[in-house]
Amino acid sequence: MTVTRGLEGVVATTSSISSIIDDTLTYVGYDIDDLAENASFEEVIYLLWHRKLPTAAELDELKKQLAESAALPKEVLEHFKMYPIDKVHPMAAVRSAVSLLGLYDDEADVMEKEANYRKAIRLQAKMPAIVTAFARVRKGLEPIAPREDLNFAANFLYMLTGDEPDEVAVEAMNKALVLHADHELNASTFTARVCVATLSDVYSGVTAAIGALKGPLHGGANEAVMKMLTEIGTLENVEPAIRGKLANKEKIMGFGHRVYRQGDPRAKHLRDMSKKLTELTGEPHWYEMSTRIEEIVTGEKNLPPNVDFYSASVYHSLGIDHDLFTPIFAVSRVSGWLAHILEQYDNNRLIRPRADYTGPGKQEYVSIEMR
Ligand SMILES: CC(=O)SCCNC(=O)CCNC(=O)[C@H](O)C(C)(C)COP(=O)(O)OP(=O)(O)OC[C@H]1O[C@@H](n2cnc3c(N)ncnc32)[C@H](O)[C@@H]1OP(=O)(O)O
Ligand SMILES: O=C([O-])CC(=O)C(=O)O
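Residues numbered from 1 in each chain as written. Chains lettered and ligands numbered in written order. Predicted model: local features only at pLDDT ≥ 70, side-chain atom pairs only at ≥ 80, totals over all residues. Heavy atoms only, no water.

S.K.: Even after reading the chapter, I still don't get the overall build of the chain, so can you show me in this structure?
M.R.: Counting its secondary structure elements, the chain contains 16 helices and three strands. By its C-alpha atoms, the chain is 70 × 55 × 45 Å across when sized along the principal axes. Buried positions account for 50% of the 371 residues belonging to the chain. Sequence separation of at least 24 residues holds for 75% of the intrachain contacts in the chain that already meet a minimum separation of 6. Of the roughly 18,000 Å² that the chain leaves accessible, carbon and sulfur atoms contribute 52%. Treating the 41 positive side-chain charges of the chain as one cloud and the 54 negative ones as another, the clouds have centres 6 Å apart. (Helix = DSSP H or I, 4+ residues; strand = E, 2+ residues; numbered from the N terminus. Buried < 20%, exposed > 50% of the residue type's maximum accessible area, 1.4 Å probe, protein only. Contact = heavy atoms within 4.5 Å. Areas by Shrake-Rupley, 256 points an atom, 1.4 Å probe, with all protein chains shown as cover. Lys, Arg positive; Asp, Glu negative; His and termini not counted. Charge placed at Lys NZ, Arg CZ, Asp CG, Glu CD.)

What follows is the structure, given as structure tokens:
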């Protein structure tokens, strides 16, 4: 048996959702640069689920469906109040809440295609409410109901703070959501596909995916980047801190990628946003520190930043708590997970690779008294 550690380079499925070819990322053939500059997140959701950009009428219909489904069942809201709130990481809360949502969806185990699509809408619609309601309940605040007149990005920020966000914040949030929506067979998407390939339900697939996204080698890296920036603290400290980490063979969070070699095409959009927003908030040092870290890490290790690196200073500048950065990733990526789950159901085969056994050879059972 040949073992490919971490399944590097293994092609495990066909997919018509997104592609990474020669360091270029496309969603259904549309370049991510084009989408980041022009598309709304709602359009991207439609694109990923239908493999075409929506007409105005189709987009209106999707927005209406999302708005109608955005509120959480009261049982889920009540449940937040029972969590050991001061100890729970929001990603664990989101993972549990999505699992719980499945209990209150009458169609949770209905496997017809139309029912699965309806569940996709309900789950996508409810993700912002899950993250923002948890974020508020843990501070002793009441959750805020979504507003029908705001778009997806604006509603997220509104439900988090209770204030209508300004145009710059909405534009940044929308762009971040577009950039994070899908990424071929990344670890969390693969997890979702493995789960539903057993013909398990949509809620199980998304719950499993959230668990995979949580780890710091994947989506959890954006929070870890902000932790690193906060610990380093000043531009002067960057050089010794980063060189020290590299000398100790520590990984620098937000750098490196399994697939990209020359660089992650999403990072430049987040870098530009980071510059703009940190200037606006009067905290340019977060951007300056980040670019200095980039110079050192790319210079020393030839490792470019990934999507998680500059998203940290972007979200910080939007006033978002650092442990909500990865849940925001999930609010966006659930669109991609759901696209992949629906695609998996359409052409399903159980996913079951092999392991090359390295344990002891044949042994005889020894009774407990004789051990
Ligand atoms: C949305 C996302 O999931 S993007 C990724 C987010 N994760 C991070 O930012 C965490 C930091 N980065 C990493 O840990 C890795 O680069 C990963 C997990 C993204 C990719 O991992 P792999 O493809 O398995 O690469 P692997 O970890 O084997 O690294 C290859 C080499 O580059 C080094 N390297 C990779 N990333 C980094 C890093 N961030 N800092 C320092 N060195 C690194 C490794 O130490 C290794 O060096 P070696 O060959 O001398 O041992
Ligand atoms: O593709 C990956 O391995 C990780 C990644 O960048 C993402 O999920 O956006």
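Read on, since the account is not over.
S.K.: Even after reading the chapter, I still don't get the site of ligand 1, so can you show me in this structure?
M.R.: The immediate surroundings of ligand 1 are formed by 19 residues, with His218, Lys251, Ile252, Gly254 and Arg258 found nearest. Within the side chain of His218, a nitrogen or oxygen atom sits 2.7 Å from an oxygen atom of ligand 1. Here a nitrogen atom of ligand 1 sits 2.7 Å away from a polar atom, N or O, in the main chain of Ile252. Taking 910 Å² as the accessible area of ligand 1 by itself, protein coverage stands at 67%. Of the residues that constitute the shell around ligand 1, the class distribution is nine nonpolar, five polar and five charged. (Near = heavy atom within 4 Å. Polar contact = N/O pair within 3.5 Å; in protein donor to acceptor, adjacent residues only side chain to side chain. Nonpolar A, V, L, I, M, F, W, Y, C, P; charged D, E, K, R; others polar.)

S.K.: Help me understand the pattern of salt bridges in this model?
M.R.: For the structure shown, the criterion picks out 29 salt bridges. Its salt-bridge partner being Lys227, residue Glu231 comes within 3.1 Å of it at the nearest N-O pair. One end of the pair, Glu231, and the other, Lys227, are both in helix H11 (residues 221–232), four residues apart, so they sit about a helical turn from each other. Here the two residues Glu231 and Lys227 agree in accessibility, since each one is exposed. Look at the salt bridges and you will find they share partners, linking Glu239, Arg243, Arg292, Glu295 and Glu300 into a network. (Salt bridge = Lys/Arg side-chain N within 4 Å of Asp/Glu carboxyl O.)

S.K.: Help me understand the side chain of Asp23, please; the structure alone is not making it clear to me.
M.R.: Examined against the element boundaries, Asp23 turns out to sit in the loop between strand E1 (18–21) and strand E2 (24–27). Within the buried set, Asp23 has no salt-bridge partner at all; the shortest N-O distance to an opposite charge, 7.3 Å, is to Arg261. A distance of 3.3 Å separates a polar side-chain atom of Asp23 from the backbone nitrogen of Arg261. A polar side-chain atom of Asp23 sits 2.5 Å from the main-chain amide nitrogen of Gln262. Once residues within four sequence positions are removed from consideration, Asp23 is found in contact with Val259, Tyr260, Arg261, Gln262, Gly263 and Pro265.

S.K.: Which parts of the structure should I look at to understand the sheet that holds strand E3 (residues 30–31)?
M.R.: Strands belonging to one sheet form pairs held by backbone hydrogen bonds; the direction of such a pair is parallel or antiparallel. The three strands lie next to each other as E1-E2-E3, forming an open sheet whose pairing is antiparallel. Strand pairing shows two members of the sheet lacking a second neighbour, E1 and E3, which therefore form its edges. (Pairing = 2+ DSSP bridges.)

S.K.: Before we go on, may I ask you to explain the nonpolar core in this structure?
M.R.: Side chains that are nonpolar tend, in soluble globular proteins, to be buried together. The biggest cluster of nonpolar side chains holds 112 residues, and the ones touching the most others in it are Phe80, Val206, Ile242 and Ile293. Each of two domains, domain 1 (15–215 + 322–346) and domain 2 (221–317), supplies a minimum of three residues to this core. Not counting residues up to four positions away in its chain, the partners in contact with Val206 are Val98, Leu123, Val334, Trp337, Leu338 and Ile341. (Core = buried A, V, L, I, M, F, W, Y, C linked by side-chain atoms within 4.5 Å. Domains from an automatic or database assignment.)

S.K.: Please explain the site of ligand 2 as it appears in this structure.
M.R.: Looking at ligand 2, the residues that line it are His183, Asn186, His218, His257, Arg266, Phe329 and Arg333. In this structure, an oxygen atom belonging to ligand 2 sits 2.7 Å away from a side-chain N or O atom of His257. Between Arg266 and ligand 2, the recorded distance is 2.7 Å, taken from a side-chain N or O atom to an oxygen atom. Taking 260 Å² as the accessible area of ligand 2 by itself, protein coverage stands at 85%. A class-by-class count of the residues in the shell around ligand 2 yields one nonpolar, four polar and two charged.

S.K.: Hey, could you run me through the packing of aromatic side chains in this one?
M.R.: One pass over the full model with this rule turns up nine aromatic pairs. Measuring from ring centre to ring centre gives 5.6 Å for Phe80 and Phe134, while their planes differ by 65 degrees; the resulting arrangement is edge-to-face. In this pair, Phe80 is assigned in helix H4 (residues 74–82) and Phe134 in helix H6 (residues 113–137), connecting sequence segments 54 residues apart. Here the two residues Phe80 and Phe134 agree in accessibility, since each one is buried. Ring plane angle 55 degrees and centroid distance 4.6 Å describe the contact between Phe255 and Phe309, whose orientation is recorded as tilted. With Phe255 in the loop between helix H12 (235–247) and helix H13 (267–280) and Phe309 in helix H15 (residues 307–317), this pair connects stretches of sequence that are 54 residues apart. Here Phe255 and Phe309 have matching classes, each one buried. Grouping aromatic residues by their ring pairs yields a cluster made of Phe255, Tyr287, Phe309 and Tyr310. Over the ring of Tyr158 we find Arg147; its NZ or CZ atom is 5.1 Å from the centre of that ring. (Phe/Tyr/Trp six-rings, centres within 6.5 Å; stacked < 30°, edge-to-face > 60°. Lys NZ or Arg CZ within 6 Å of the ring centre and 35° of its normal.)

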